[in-house]
Amino acid sequence: MADTHQGETRRDFLYVATAAVGAVGAACVAWPFIDQMNPAADTLALASIEFDTSTVAEGMAVTVKWRGKPVFVRHRTQQEIDEARAVPLADLRDPQTDAERATKPEQLIVVGVCTHLGCVPLGQKPSDPKGEFGGWFCPCHGSHYDTSGRIRKGPAPRNLEVPEYQYISDTVVRIG
Amino acid sequence: MIARIKTLAAAGLVAASLAAPAAMAAEGVAIPSQEWSFGGIFGTFDRAALQRGFQVYQNVCASCHGLDYVAYRNLEQLGYNEDEIKAIAAEKQVTDGPNDEGEMFERPAKPSDRFVSPFPNDAAARAANGGALPPELSLIVDARAGGADYIYAVLTGYQDAPSGVTVPDGMYYNAYFPGHQIAMPPPLFPDGVTYGDGTAATIAQQAKDVTTFLAWASEPNLEERKRAGLMTILFLLVFTGLLYATKRKIWADVH
Amino acid sequence: MAAKFDNSIVRWIDHRLPIFSFMHHEMHEYPTPKNLSYWWNFGSLAGIALVVMLVTGITLAMHYTPHVDYAFSSVERIMRDVNYGWLIRYIHMNGASFFFIVVYIHIFRGLYYGSYKAPRELLWMLGVVILLLMMATAFMGYVLPWGQMSFWGATVITNLFSAIPVVGDSIVTWLWGGFAVDNATLNRFFSLHYLLPFVIVGVVVLHLVALHRFGSNNPLGIDVKGPKDQIPFHPYYTAKDAFGLGVYLIIFSAFVFFAPNYMGHPDNYIPADPLVTPAHIVPEWYFLPFYAILRAIPDKLGGVLFMFGAIAVLFILPWLDRSPVRSGQFRPIFKIFFWILVIDVVALTYLGGKPPEGWYVIASRLATAYYFIHFLVILPLLSVFETPRQLPKSISEPVTGGGAGFAGATATPREKV
């Protein structure tokens, strides 16, 4: 009786061990098939761009393409900077100071994708509506952004995203 | 059981013999085999040889042969750092554009660019080389029967034509090239390059190094492949052992 | 019926959609002869090989570009830049060869043990249909990387149809969608290469339905006589198949990881050039026997007819071999000819890879002749003149001494079907 019992335990252990090893193997096989859908090496190699901000005149804005999305580079006027800095943090839905959002006050660099549902806000061209706060206005669902790209009115939950960037010379910035 | 193993082994042999014909070299000349750092199941690329081979490619081959599928960023695997790669890439100009004025423009190559071809297109390459097209080299080791051994054999196989064989103008006699007549002049000379690490640049050494580099260019994932292969097969041996034990247990009551 | 499931959700679903009952019936209860040898592993192995090809193929299609200007470089991008792309492509490349190895062994097992005989004729014929579909799929898949062998393989094989009298040339132009193998050809081949595997899945389902009608044949080739001869498919054969799969994967991995290009051809790493044919063009190894037959016949139309005839003859095999004994174990003369056929096909494979010159041509002709004589002359004659050995009474009661050998010459020669 005891023998049979022991035999069965050993048998169960074998089945469990085999199934467990098989499950580990299946997981290892699954990974390459999942990972192949991630960005490939050549895509990642293009993940950062360099841009010369001296090409943007004061008061003007330029849209550059970065990782398939528009990036707004705006050369802000002193008035726009002052406006952005004067806003009390308590008035903001997504509180951030302007200094946190712009390494150099005169150059604002944000991803031009509305944080509501992904439309591209208007406000780059001089003729565009800039919304009630002088920044950008998203025509899809009426989000208003200020001169620091912060959400002030409308359905969007967050400020326009600031991409990771650094100045590699006085005027040339590397985004990404 | 033993009979079964025998029959399965026989099946394996049949399978192997079926598989053999496609892999045989097409030409009659036997290619001597060499020792390669990347050969065998544990093989890895010798980094120093890769860098020397890259130097030979840059100084000797690159003026005629492209490396179309390799990007400058891939040189990281050879042990170069980001700044060195940027500098290597920036030596070449690529056409980009159009710019805001609608014009195409030249700019220095970036690490994300693929190696810049020496000729704008095949016709230009032929025109510059007396009608012969210098093949693109990034797959040359995979694309020739004999692989690395063959590339090494051709690079070191220049000889005087045997008596009775006349080699036309603009052609050279090569012991291992199919048909023995090759349009490429002997590319390697003793001390044709000066190695930074002090290795003596004999023809054999240069051929070996550049072949190692080209083998890497053909298959930059070779090391990862072999490492993954060892792990996979070890795992499968354990797993198959367990499956065999399971099968035995389950079948224990069948008579 | 639904009561056999403990889980109430399973019971609820099964009452409305009896998939669990179906699975239970076809996998768990499905009675299987208890004496199947490891040669019977190759059916399920072929099924798994097909799934591997589908999964890797669909994955590769996410990165591949079917255009003459981009096909080759998109494959190189898969090999160099896509995460694990090299692994997935090498599995797909070698998976094709291994699929054929498994299926060829499966076919020869069927030939030896008479698995094509009544009542399994349709099962066998569906299998031949699967083989034809596999060949078409493999051929079109080989074109996709757009290397030199891709291009010239496509040119040569599509040109076979030009052998058809009167309409041949029009058919070839129609296949190409142009006046040579070109972008239109590549595009349609990609489309069909994606489609056909699912057609194969459909025919495999029919193959399985036909199989489950009478169950597996077995090494003795006799019908099961009752529950004593049978065991449930699960867990017995699932366990055995799983072990066989493990062995298969070890061999497969050895190729994928350590000799991934061994069964390929170097010329296919050269981009397609419509102006230069490689010195020796050979098809993939699994087509070589048929290629040898094609070249053995000195007439264009004849060669094509014989090549397709080599497969067509398999369709009518159940009516060529009329011997009531299935298993080659009990057919002493058949057994010898079976092994001659194996050698003959291996020889054709070898000869298909050799240039058509010298003694290779003569050998190819002899081997081709034997192939057809085997099926069209020897098998029909054997079914009349061969005296089979005595068959065991049942699977669980083999002939005493295990040696059908000495009993063969004496009385009760054969089981009547």
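This structure is a prediction, so every number in the text was calculated from the model and none was measured. Residue positions within a chain follow its written sequence, with the count starting from 1. Naming scheme: in the order in which they are written, chains are lettered from A and ligands are numbered from 1. Selection of residues for local features in this predicted model requires a pLDDT of at least 70, selection of side-chain atom pairs for listing and counting requires 80 or more, and totals for whole chains, interfaces and linings are taken over all residues. Values shown for side chains rest on all heavy atoms present in the structure; no hydrogens or waters enter the calculation.

Novice: Would you mind showing me how to read the domain arrangement of chain B here?
Specialist: The figure often quoted for interface size is the accessible area lost as the parts come together. Segment limits for the domains were obtained from an automatic or database-derived domain assignment. Looking at chain B, the domain boundaries give domain 1 (28-70 + 138-218) and domain 2 (223-249). Just the C-alpha atoms count here: the centres of domain 1 of chain B and domain 2 of chain B sit 38 Å apart.

Novice: How should I be thinking about the state of the cysteines in this particular structure?
Specialist: When the sulfur atoms of two cysteines share a covalent bond, that bond is a disulfide. Disulfides are defined as pairs of cysteine sulfur atoms found within 2.5 Å of each other. What the rule picks out here adds up to one disulfide over all chains. Bridging Cys119 of chain A to Cys140 of chain A, the disulfide has an S-S length of 2.1 Å. Because the sign of the S-S torsion sets the handedness, a value of about -100° for the bond joining Cys119 of chain A and Cys140 of chain A places this disulfide among the left-handed ones. Residue Cys119 of chain A is found in the loop between β4 (107-111) and β5 (134-138), and its partner Cys140 of chain A is found in the loop between β5 and β6 (143-146); the two are separated by 21 residues along the sequence. Of the residues examined, Cys140 of chain A reaches a relative accessible area of 38% and is grouped as partly exposed. Free cysteine: Cys61 of chain B, not disulfide-bonded; nearest cysteine sulfur from Cys64 of chain B at 9.2 Å. The secondary structure listing takes helices from DSSP runs of H or I that are at least 4 residues long and strands from runs of E that are at least 2 residues long, numbered from the N terminus. To sort residues, take the accessible area from a 1.4 Å probe on protein chains only and compare it with the maximum for the residue type: under 20% means buried, over 50% means exposed, and anything in between is partly exposed.

Novice: Explain the environment of Glu219 of chain B to me, please; I cannot follow it from the model alone.
Specialist: For Glu219 of chain B, the location among the structural elements is in the loop between α6 (203-218) and α7 (222-251). Taking the relative accessible area as the measure of exposure, Glu219 of chain B reaches 9% and is therefore buried. Spatially, the C-alpha atoms of Glu219 of chain B and Ser138 of chain B are 8.6 Å apart, while their sequence positions differ by 81 residues. With residues up to four places along the chain from it excluded, the contact list for Glu219 of chain B reads Phe45 and Arg225 of chain B together with Tyr90 of chain C. Residue contacts are counted whenever heavy atoms from the two residues lie within 4.5 Å of one another.

Novice: What's the story with the interface of chain C and chain B in this structure? I'm lost.
Specialist: Counting residues at the interface gives 51 residues for chain C and 51 residues for chain B. For the pair chain C and chain B, the two sides together bury roughly 4,500 Å², of which 71% comes from carbon and sulfur. The term buried area means the drop in 1.4 Å probe accessible area that two parts suffer when joined, counted for both and summed. Ranking the residues of chain C by area buried against chain B places Tyr38, Arg80 and Phe258 of chain C at the top, with a combined share of 17%. Every case where a carboxyl oxygen of Asp or Glu lies within 4 Å of a side-chain nitrogen of Lys or Arg is listed as a salt bridge. Linking chain C to chain B there are two salt bridges. Residues Arg73 of chain B and Asp81 of chain C are paired through a salt bridge, measuring 3.2 Å at the closest nitrogen-oxygen approach. Under the rule applied, a polar contact is a pair of N or O atoms within 3.5 Å (in protein, one hydrogen donor and one hydrogen acceptor; residues adjacent in sequence only if both atoms are side-chain atoms). Where chain C packs against chain B, one counts twelve residue pairs in polar contact (both at pLDDT 80 or more). Elements represented by at least two residues in the side of chain C that touches chain B include exactly α4 (71-80), α5 (85-112), α10 (233-258) and α14 (332-352) of chain C. It is α10 of chain C that contributes the most residues to the side of chain C that touches chain B, 16 residues altogether.

Novice: Is there a simple way to think about the UniProt feature "binding site: a ubiquinone" (unreviewed entry) in chain C in this case?
Specialist: Residue and element names in this part refer to chain C. UniProt positions are given in the numbering used here, feature names are shortened, and annotations may be inferred rather than shown by experiment. Here, UniProt's "binding site: a ubiquinone" (unreviewed entry) annotation points to His212. Here His212 lies in helix α9 (residues 183-214). On the basis of relative accessible area, His212 is assigned to the partly exposed category, the value being 24%. Contacts of His212, omitting those with residues within four sequence positions, involve Glu26 and Tyr30.

Novice: Looking at this model, I keep getting lost on the interface of chain B and chain A. Mind explaining?
Specialist: Contacts between chain B and chain A engage 13 residues on the former and 14 residues on the latter. With both sides pooled, the region where chain B packs onto chain A buries about 1,100 Å², and carbon together with sulfur makes up 70% of that total. Our enumeration of links across chain B and chain A arrives at two salt bridges. Close ionic contact of Lys86 of chain B with Glu50 of chain A constitutes a salt bridge, the shortest N to O distance being 3.9 Å. Here chain B and chain A share one residue pair in polar contact (both at pLDDT 80 or more) between them. Sorting the residues of the side of chain B that touches chain A by element identifies α3 (82-90) and α7 of chain B as the ones contributing at least two each. Broken down by element, the residue count for the side of chain B that touches chain A peaks at eight residues, all from α7 of chain B. Under the scheme applied, nonpolar residues are Ala, Val, Leu, Ile, Met, Phe, Trp, Tyr, Cys and Pro; charged residues are Asp, Glu, Lys and Arg; polar residues are all the others, including Gly. Looking at the side of chain B that touches chain A, its residues break down into six nonpolar, two polar and five charged.

Novice: Mind showing me how you'd approach the UniProt feature "binding site: heme c" (unreviewed entry) in chain B here?
Specialist: Residues and elements named next belong to chain B. Within this numbering scheme, the UniProt entry marks Cys61, Cys64, His65 and Met184 as carrying the feature "binding site: heme c" (unreviewed entry). These annotated residues cover 124 residues of sequence, and their C-alpha atoms all fall within 10.8 Å of one another, placing them together at a single site. With respect to the helices and strands, the residue His65 is situated in the loop between α2 (47-61) and α3. If near-sequence neighbours (up to four positions away) are discounted, His65 is found in contact with Tyr57, Pro118, Pro134, Pro135, Leu137 and Met184. Inspection of the secondary structure puts Met184 in the loop between β4 (181-182) and α6. Classification of Met184 as partly exposed rests on a relative accessible area of 25%. If near-sequence neighbours (up to four positions away) are discounted, Met184 is found in contact with His65, Leu155, Tyr158 and Tyr172.

Novice: For this particular structure, what's the right way to read the side chain of Arg101 of chain A?
Specialist: All names here are of chain A. Checked against the element boundaries, Arg101 lands in helix α4 (residues 98-101). Positive charges come from Lys and Arg, negative ones from Asp and Glu, while His and the chain ends are left out of the count. Among buried charged residues, Arg101 stands out as having no salt bridge; its nearest opposite-charge side chain is Asp98, 5.7 Å away. The residues contacting Arg101, other than those within four sequence positions of it, are Gln96, Leu108, Val110, Ser148, Gly149, Arg150, Asn159, Leu160, Val162 and Tyr165.

Novice: So what exactly am I meant to see when it comes to the sheet that holds strand β7 (residues 151-153) of chain A here?
Specialist: In a beta sheet, neighbouring strands are held together by backbone hydrogen bonds and run either parallel or antiparallel to one another. Residue and element names in this part refer to chain A. Any two strands are treated as partners once DSSP identifies two or more bridges connecting them. Overall, antiparallel pairing links the three strands, which are arranged β5-β6-β7 in an open sheet. In this open sheet, the two edge strands, each paired with only one partner strand, are β5 and β7. Taking each pair of neighbouring strands and ignoring which way they run, the sheet shows an average axis angle of 35°. In the sheet, β5 pairs with β6 via four bridges, with the strands oriented antiparallel. Inter-axis angles, ranging from 0 to 180 degrees, are taken between N-to-C directions of lines fitted to C-alpha atoms, where helices are fitted over the stretch in contact.

Novice: Help me understand the nonpolar core in this model?
Specialist: Note on soluble globular proteins: their nonpolar side chains tend to be buried together. All names here are of chain C. Here, nonpolar core refers to any group of buried Ala, Val, Leu, Ile, Met, Phe, Trp, Tyr and Cys residues whose side-chain atoms link them within 4.5 Å. Among the nonpolar cores identified, the biggest contains 118 residues, and Phe100, Tyr104, Leu111, Tyr371 and Phe375 are the most heavily contacted of them. In terms of residue count, the dominant contributor to this core is α5 (17 residues). Excluding residues within four positions of it along the chain, Tyr104 makes contact with Leu131, Met135, Trp285, Tyr286 and Phe290.

Novice: How should the packing of α2 of chain B against α6 of chain B be read in this particular structure?
Specialist: Geometry of a packed helix pair, given as the angle between the helix axes and the separation of the axes. Residue and element names in this part refer to chain B. In contact at an axis separation of 7 Å, α2 and α6 are set at 100° when each is read in the N-to-C sense. If you check the angle between α2 and α6, you find them roughly perpendicular. Counted together, Ala49, Leu50, Arg52, Gly53, Phe54, Val56, Tyr57 and Cys61 of α2 and Gln205, Gln206, Asp209, Val210, Thr212, Phe213 and Trp216 of α6 form the full contact between these two elements. Class assignment of the residues belonging to the contact of α2 with α6 gives a composition of nine nonpolar, four polar and two charged. For this classification, under 35 degrees means roughly parallel, over 145 means roughly antiparallel, 65 to 115 means roughly perpendicular, and everything else is oblique.

Novice: For this particular structure, what's the right way to read the sheet that holds strand β2 (residues 61-66) of chain A?
Specialist: Residue and element names in this part refer to chain A. Taken in spatial order, the three strands line up as β2-β3-β4 in an open sheet, and their pairing is antiparallel. Looking at strand neighbours, the two that pair on one side only are β2 and β4, the edges of this open sheet. Averaged over all pairs of adjacent strands, the angle between strand axes in this sheet comes to 20°, irrespective of strand direction. Relative to β4, strand β3 (residues 69-75) is paired through five bridges, and the arrangement is antiparallel.

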